[in-house]
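Below are the chains, spelled out letter by letter.
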Amino acid sequence: MAVPPNPDEAFLREVDEELRRDQLASVWTRYGRWLILAVVAALALFGGFLYWQHHKTEAAGKQGEELQAVIDDLGTKPADPKVLEQLAGSNIEGYSVTAKFAQADALLKKNDLKGAAAKLGEIAADTSLAPPFRDLALVRQTSAEFDTLKPDVIVNRLRPLAVKGNPWFGSAGELVAGAYLRMNRPDLAGKLFGQIAREETVPATLRQRAVQMAGVLGVDAVETPEEKKAP
């Protein structure tokens, strides 16, 4: 035999549901407008974020095209200083640092070694940049200043880079070896030229110069077949 529902329980449930409806209506009356405004504001912020992302992507693409055009023109005509200055201020690291190197190249083409060295020095001193960019700038800065720097300054500046395994070993090593010659240390210069000549990761033209310089300094930098086979 089925048990009839408790009329008290049914009544309390109806009262509870009515109370919830009243509370919901009260909350909507008091805060409904603000909830709508909050939703609209959130949608506006999201839309603004999407627009900013789209604008950023478009701006990056435009900067990339401008930078490529500048690089393509460097060998045939002077770069537009205003365009380079604008690109150098880009918030995209790769574009910014490449534009700064292009600025230095433009100064070198004008034989403005001092101005180029100063621009490269800015890159080398910028701790926000990745080390490879800074190291390359330091090597090129030292090359531009080579004739005006004391040889010990060159050695101390580039010695950490003039070691086998470093990406800039060849370029930095050549400058350090040249500084050793100015210090009247042909023994150190010849040894370093020999190391450069034997390092297969160094560009071929630089290795050829190193072989010649090592030979002049009495260092045999040409590997024998047996040395090449040795582990």
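The structure displayed is predicted, hence computed values, not measured ones.

**Student:** Before we go on, may I ask you to explain the overall build of the chain in this structure?
**Tutor:** What the chain contains, in helices and strands, is 10 helices and 0 strands. Sequence-ordered secondary structure for the chain, helices as α and strands as β, is α-α-α-α-α-α-α-α-α-α. The 231 residues of the chain split such that 29% are buried. Of all intrachain contacts in the chain linking residues separated by at least 6 positions in sequence, the fraction that spans at least 24 positions is 43%. Just so you have it, the chain exposes about 15,700 Å², and 59% of that area is on carbon and sulfur atoms.

**Student:** Looking at this structure, I do not really get the confidence of the model for the chain. What am I missing?
**Tutor:** The predicted structure's coordinates, where accompanied by low pLDDT, should not be read in detail. Residues of the chain with pLDDT of at least 70 account for 56%, and the chain-wide mean is 74. The least confident element of the chain is helix α10 (residues 225–229), whose mean pLDDT is 45; the most confident is helix α6 (residues 151–158), at 96. For residues 46–60, every residue scores under 50 in pLDDT, and the model assigns this stretch 2 contacts once sequence neighbours within four places are set aside. Predicted confidence is poor over residues 224–231, with pLDDT under 50, and the contacts of this stretch with residues over four places away or in other chains come to 3 contacts.

**Student:** Hey, could you run me through the nonpolar core in this one?
**Tutor:** If you look at soluble globular proteins, the nonpolar side chains tend to sit buried side by side. Ile123, Leu158, Val176, Leu192 and Ile196 are the most contacted members of the largest nonpolar core, which totals 34 residues. Those elements that place two or more of their residues in this core are α3 (93–109), α4 (113–125), α5 (131–145), α6, α7 (169–182), α8 (186–198) and α9 (204–216). At 7 residues, the largest contribution of residues to this core is made by α7. If near-sequence neighbours (up to four positions away) are discounted, Ile196 is found in contact with Phe169, Gly170, Gly173, Glu174, Val202, Leu206, Arg207 and Ala210.

**Student:** Explanation requested: α9 in the structure shown.
**Tutor:** Counting along an α-helix, one turn takes 3.6 residues, and residues three or four places apart therefore face a common direction. Its 13 residues give α9 an end-to-end C-alpha distance of 19 Å, which sits within 8% of 18 Å, the value for a rise of 1.5 Å per residue. Where α9 is buried, its residues touch α7 and α8.

**Student:** Whenever I open this one, the side chain of Thr142 confuses me. Can you help?
**Tutor:** Looking at the secondary structure, you find Thr142 in helix α5. Residue Thr142 is classed as buried on the basis of its relative accessible area, which comes to 0%. Beyond its immediate sequence surroundings of up to four residues, Thr142 is in contact with Leu149, Ile154, Arg157, Leu158 and Leu175.

**Student:** Looking at this model, I keep getting lost on unusual backbone geometry. Mind explaining?
**Tutor:** Trans peptide bonds make up most of the peptide bonds, and negative phi angles are found at most residues other than glycine. Non-glycine residue Asn111 carries a positive phi angle of around 65°. As for its position among the elements, Asn111 is in the loop between α3 and α4.

**Student:** How do you make sense of the pattern of salt bridges when you look at a structure like this?
**Tutor:** Pairing between side chains becomes possible if they bear opposite charge and their charged atoms approach one another. All chains considered together, the criterion is met by 6 salt bridges. Among the salt bridges present, the one from Glu174 reaches Arg209, with a minimum N-O distance of 2.8 Å. Of this pair, Glu174 sits in helix α7 while Arg209 sits in helix α9; the two residues are 35 residues apart in sequence, bridging distant segments of the chain. Given a relative accessible area of 23%, Glu174 falls into the partly exposed group. Given the relative accessible area of 38%, Arg209 is considered partly exposed.

**Student:** What is the right way to look at the environment of Gly190 in this model?
**Tutor:** As for its placement among the helices and strands, Gly190 is situated in helix α8. Residue classification places Gly190 among the buried residues on the basis of a relative accessible area of 0%. As a C-alpha pair, Gly190 and Tyr180 span 10 residues in sequence and 9.1 Å in three-dimensional space. The contacts of Gly190, once residues within four sequence positions are left out, are Ala214, Leu217 and Val219.

**Student:** What should I look at first to understand the side chain of Glu145 in this one?
**Tutor:** Tracing the chain through its elements places Glu145 in helix α5. Since its relative accessible area comes to 18%, Glu145 is described here as buried. The residues touching Glu145, leaving out its near neighbours within four places in the chain, are Ala117 and Arg157.

**Student:** Help me out: how do you make sense of the packing of α6 against α7 in this one?
**Tutor:** Axis angle and axis distance: for two packed helices, these are the angle between their axes and the distance between the axes, and together they describe the pair. Between α6 and α7, whose axes approach to 8 Å, the crossing angle comes to 150°. By the criterion of interaxial angle, the relationship of α6 to α7 is roughly antiparallel. Between α6 and α7 the crossing geometry is left-handed. Of the residues in α7, those touching α6 at Pro151, Ile154, Val155 and Leu158 are Ala172, Leu175, Val176, Ala179, Tyr180 and Arg182.

Thresholds, definitions, all that
Residues numbered from 1 in each chain as written. Predicted model: local features only at pLDDT ≥ 70, side-chain atom pairs only at ≥ 80, totals over all residues. Heavy atoms only, no water. Helix = DSSP H or I, 4+ residues; strand = E, 2+ residues; numbered from the N terminus. Buried < 20%, exposed > 50% of the residue type's maximum accessible area, 1.4 Å probe, protein only. Contact = heavy atoms within 4.5 Å. Areas by Shrake-Rupley, 256 points an atom, 1.4 Å probe, with all protein chains shown as cover. pLDDT = per-residue confidence, 0-100. Core = buried A, V, L, I, M, F, W, Y, C linked by side-chain atoms within 4.5 Å. Expected span 1.5 Å × (residues − 1). Salt bridge = Lys/Arg side-chain N within 4 Å of Asp/Glu carboxyl O. Axes fitted to C-alpha atoms, helices over the stretch in contact; angles between N-to-C directions. Parallel < 35°, antiparallel > 145°, perpendicular 65-115°, else oblique. Left-handed = near helix turned anticlockwise from the far one by under 90°.

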